[in-house]
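Here are the chains, one letter per residue:
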Amino acid sequence: MISKKMKPFVANNSAVRAMFEEGNKLREIYGADKVYDFSLGNPNVPAPKEVNEAIIDLAQHEDPVVLHGYMNNAGFEDVREAIAQSLNKRFGTSFGARNLIMTVGAASGLNILLKAILDPGDEVIAFAPYFVEYGNYVANYDGVVVEVEPDTETFQPNLEAFESKIGPKTKAVIVNTPHNPTGVVYSEETIRRLAAILEKKQEELGTVIYLISDEPYRELAYDGVEVPYLTKYYDNTLVGYSYSKSLSLPGERIGYVVIPDEADGAEELFEAATIANRINGSVNAPSLQQKVIARCLDCTVDLDFYDRNRKTLYEGLQAVGLECIKPQGAFYLFVKSPVPDEKEFVAKAKEYHILLVPGSSFACPGYVRLAYCVSYETIVNSLPAFAELMKNYE
């Protein structure tokens, strides 16, 4: 018999993953070319050639005992130092290996940070819509997610509502930019205002509030949009990063967290997060992938591929009468449902072999998410199906 704590997780299994499995079933019945699966953010763009070249070269020439062996729980020091210097060059920061912990993707990174800072009953604020797993990660450590209702005009954080949600139990705030599920990039003005609110509330309450920046989509920004690096705006910022999207390596589970020197109790927090990396069961990030990443710090996927998908799908959905904000980053569209119950719309779309994720899975009902990290052919071929679907709502 499973634990009582697991029962709600089983009962509320991810709608994203459930829709992905549904897509697999439909493909078996109708063929892959007749199913338009926009459910999962699984990159369709191959990893840069430098990744494969690094894997081959490392396998042939690196000491196998080192390459496949244990290291410090925080990761190889030379890899952490290389990443730190890359960040310093790009963002004018002053990080070193002492500030980075290599992690099993961003998910593990967020978990070790939350484990390091949360006591039972502590609150973590998240801006709706937000990635559904945040709630699960916080619950892992008996914390409580406090939702901030969305500004559906801009999908920038609703800062007026945010300020009212901060209280004595607030331990952290999670932000995600470029944003899943909307594709919005938080502006520098937004970040400055958010930081000012946090500074004021820390002083008023006499507490420490960490800002956790979840950044798996940092490199996926379009039209010259700048993505602010949050440690430069608020001292108590912690960063979680993943190479799943920037290098199309979601299955390799490789990323890192940054704990800046300026963060409150930085040294103790770094030690706690490093130990959390071990006792959560990860032990350390994959050794081979750490070495690969160190050789590919200046690489990224073909952003033009995603940009073409973005424009084609956005314009195509507008043409058939669907509404959404034009995304500035990531690879998602967050589309307003033509009926109040977006789950009804998702069910109807499935009849046309279109797989969408309901916005209620992101704490924002009335919308649906489409992941456009699919083949260009899938997007082009889906548009007639969307046109047929929307005839039901004329």
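An account of the accompanying structure is given in this report. (Residues numbered from 1 in each chain as written. Predicted model: local features only at pLDDT ≥ 70, side-chain atom pairs only at ≥ 80, totals over all residues. Heavy atoms only, no water.)

1. Some words on the overall build of the protein chain
So, step 1. A count of helical and extended segments in the protein chain gives 14 helices and 13 strands.
So, step 2. With the C-alpha coordinates aligned to their principal axes, the bounding extent of the protein chain is approximately 60 × 60 × 55 Å.
So, step 3. Looking at the protein chain alone, contacts between residues at least 24 apart form 74% of all its contacts between residues at least 6 apart.
So, step 4. Here the protein chain has roughly 17,100 Å² of accessible surface; of this, 49% comes from carbon and sulfur atoms. (Helix = DSSP H or I, 4+ residues; strand = E, 2+ residues; numbered from the N terminus. Contact = heavy atoms within 4.5 Å. Areas by Shrake-Rupley, 256 points an atom, 1.4 Å probe, with all protein chains shown as cover.)

2. Overview of the sheet that holds strand S7 (residues 237-242)
So, step 1. Reading across the sheet, the seven strands line up as S2-S8-S7-S6-S5-S3-S4 and stay open at both edges, with mixed pairing between neighbours. The open sheet has two edge strands, strand S2 (100-103) and strand S4 (144-148), and neither has a second partner. Averaged over all adjacent pairs, the angle separating strand axes in this sheet is 20°, with direction ignored.
So, step 2. The sheet strands contacting helix H10 (residues 266-279) are S2, strand S6 (210-214) and S7, and the helix crosses S2 at an angle near 15°. (Pairing = 2+ DSSP bridges. Axes fitted to C-alpha atoms, helices over the stretch in contact; angles between N-to-C directions.)

3. Describing the packing of aromatic side chains
So, step 1. All chains considered together, the criterion is met by 19 aromatic pairs.
So, step 2. Relative to Phe 331, the ring of Tyr 217 lies with its centre 5.5 Å away and its plane at 85°, an arrangement referred to as edge-to-face. Residue Tyr 217 is found in the loop between S6 and S7, and its partner Phe 331 is found in the loop between strand S9 (323-324) and strand S10 (332-336); the two are separated by 114 residues along the sequence. An identical accessibility class is assigned to Tyr 217 and Phe 331; each is buried.
So, step 3. Here Phe 305 and Tyr 306 contribute two aromatic rings whose centre-to-centre distance is 5.8 Å and whose plane-to-plane angle is 80°, an arrangement assigned as edge-to-face.
So, step 4. Members of the aromatic cluster, connected to one another through ring pairs, are Tyr 217, Phe 305, Tyr 306, Phe 331 and Tyr 332.
So, step 5. Seen from the ring of Phe 76, Lys 291 lies directly overhead, with NZ or CZ sitting 4.3 Å from the centre.
So, step 6. Arg 308 extends its terminal NZ or CZ atom over the ring of Tyr 376, reaching a point 3.6 Å from the ring centre. (Phe/Tyr/Trp six-rings, centres within 6.5 Å; stacked < 30°, edge-to-face > 60°. Buried < 20%, exposed > 50% of the residue type's maximum accessible area, 1.4 Å probe, protein only. Lys NZ or Arg CZ within 6 Å of the ring centre and 35° of its normal.)

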